[in-house]
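Understanding the architecture of this molecule
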Amino acid sequence: IKDCSDYQTLVQLTNLTGQNLNSYLFYSNQQYYVNNLPIGNYIIKYILIDDCQNTSFCEVNLTVIDIAPPITVCDKNTKISVDHLGKARLFATSLDDGSWDNCGILKYEIKRKHDTCGFQLLWGPYADFCCLDIGKIQHVSLQVTDIHGLVNTCHVEVEVEDKLKPVITCPT
């Protein structure tokens, strides 16, 4: 009579096509951990083998998703100057001061808080300003969207300036 009460546990990680992904499995302190597994669907298979080579297994579906929005980092303040037509354009990327995301950033967008020039208050790659904004602090938001559609925002104060010298044409 053989005592079969001792057993060992094996764990296997595969994708849905059966590809072995055990390189993402780590064993520490008598527990298995998954580390840096890309977003997707997987199967974890637990296998028990006793000393008599009897086996039993179960499978667990594992879905890795991105739930972390981007970390936005903005300039607190910025200045822009109107051109000879009395217009200025501020691009969203110029407000970014090191925003990041665990999966990757898809886009940067900017939106004004108030419209003094008749421009629309929509998210886009840039925001326009005009002479009516000169000398006033304008508030804008930077919105960062990651590759899975998660968003986060930060806010910037914009000082609009007119640094161009006036031009005069003398009568002849």
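Just above sits the structure.
No experiment lies behind these values; they were computed from the predicted model shown. (Residues numbered from 1 in each chain as written. Predicted model: local features only at pLDDT ≥ 70, side-chain atom pairs only at ≥ 80, totals over all residues. Heavy atoms only, no water.)

**Considerations on the state of the cysteines**
For the structure on display, the rule yields three disulfides. Once the disulfide-bonded cysteines of the protein chain are ranked by sequence position, their pairing pattern turns out to be 1-2, 3-6, 4-5. (Disulfide = S-S within 2.5 Å.)

**Quick notes on the pattern of salt bridges**
Where charged atoms from two side chains of opposite charge come close, those side chains can pair. The final tally for this structure, using the stated rule, is five salt bridges. Measuring nitrogen to oxygen at the nearest pair gives 2.8 Å for the salt bridge that ties Arg89 to Asp128. Taken together, the residues span a long stretch of sequence, with Arg89 in strand S7 (residues 87–91) and Asp128 in strand S9 (residues 126–130) at a distance of 39 residues. Assessed through its relative accessible area of 17%, Asp128 is described here as buried. A salt bridge links Glu161 to Lys163, with the nearest nitrogen and oxygen atoms 3.4 Å apart. (Salt bridge = Lys/Arg side-chain N within 4 Å of Asp/Glu carboxyl O. Helix = DSSP H or I, 4+ residues; strand = E, 2+ residues; numbered from the N terminus. Buried < 20%, exposed > 50% of the residue type's maximum accessible area, 1.4 Å probe, protein only.)

**Concerning the sheet that holds strand S5 (residues 55–64)**
Ordered by their spatial adjacency, three strands build an open sheet running S1-S4-S5, and the pairing between neighbours is antiparallel. This sheet does not close on itself; its edge strands, each paired only once, are strand S1 (7–15) and S5. Between one strand and the next, the sheet's axes are offset by a mean angle of 20°, whatever the strand orientation. As defined by bridge partners, strand S4 (residues 40–50) adjoins S5 across 10 bridges and the pair is classed as antiparallel. Within S5, the position partnered with Tyr42 by the bridge is Leu62. (Pairing = 2+ DSSP bridges. Axes fitted to C-alpha atoms, helices over the stretch in contact; angles between N-to-C directions.)

**Observations regarding the nonpolar core**
Among the nonpolar cores identified, the biggest contains 17 residues, and Phe129 and Val158 are the most heavily contacted of them. When contributions to this core are tallied by element, the ones reaching two or more residues are S7, S9, strand S10 (137–146) and strand S11 (151–161). Ranked by residue count, the leading element in this core is S11, at four residues. Not counting chain neighbours up to four residues away, the residues in contact with Phe129 comprise Ile80, Gly86, Lys87, Ala88, Leu90, Arg112, Cys117, Phe119, Gln138, Val140, Val158 and Val160. Listed in part, the seven residues of the second largest apolar core include Val11, Leu37, Tyr42 and Ile44. (Core = buried A, V, L, I, M, F, W, Y, C linked by side-chain atoms within 4.5 Å. Contact = heavy atoms within 4.5 Å.)

**Brief notes about the packing of aromatic side chains**
Scanning the entire structure with this criterion turns up two aromatic pairs. Directly above the aromatic system of Phe57 lies the positively charged group of Lys45, at a separation of 4.3 Å from the ring centroid. Over the ring of Tyr126 we find Arg89; its NZ or CZ atom is 3.6 Å from the centre of that ring. (Phe/Tyr/Trp six-rings, centres within 6.5 Å; stacked < 30°, edge-to-face > 60°. Lys NZ or Arg CZ within 6 Å of the ring centre and 35° of its normal.)

**Overview of the pairing of S9**
Judged by how many residues are buried, S9 sits mostly within the fold: four of five residues are covered. As judged from the five bridges shared by S7 and S9, these two strands associate in the antiparallel manner. Across the sheet, Ala88 pairs through a bridge with Phe129, a residue of S9.

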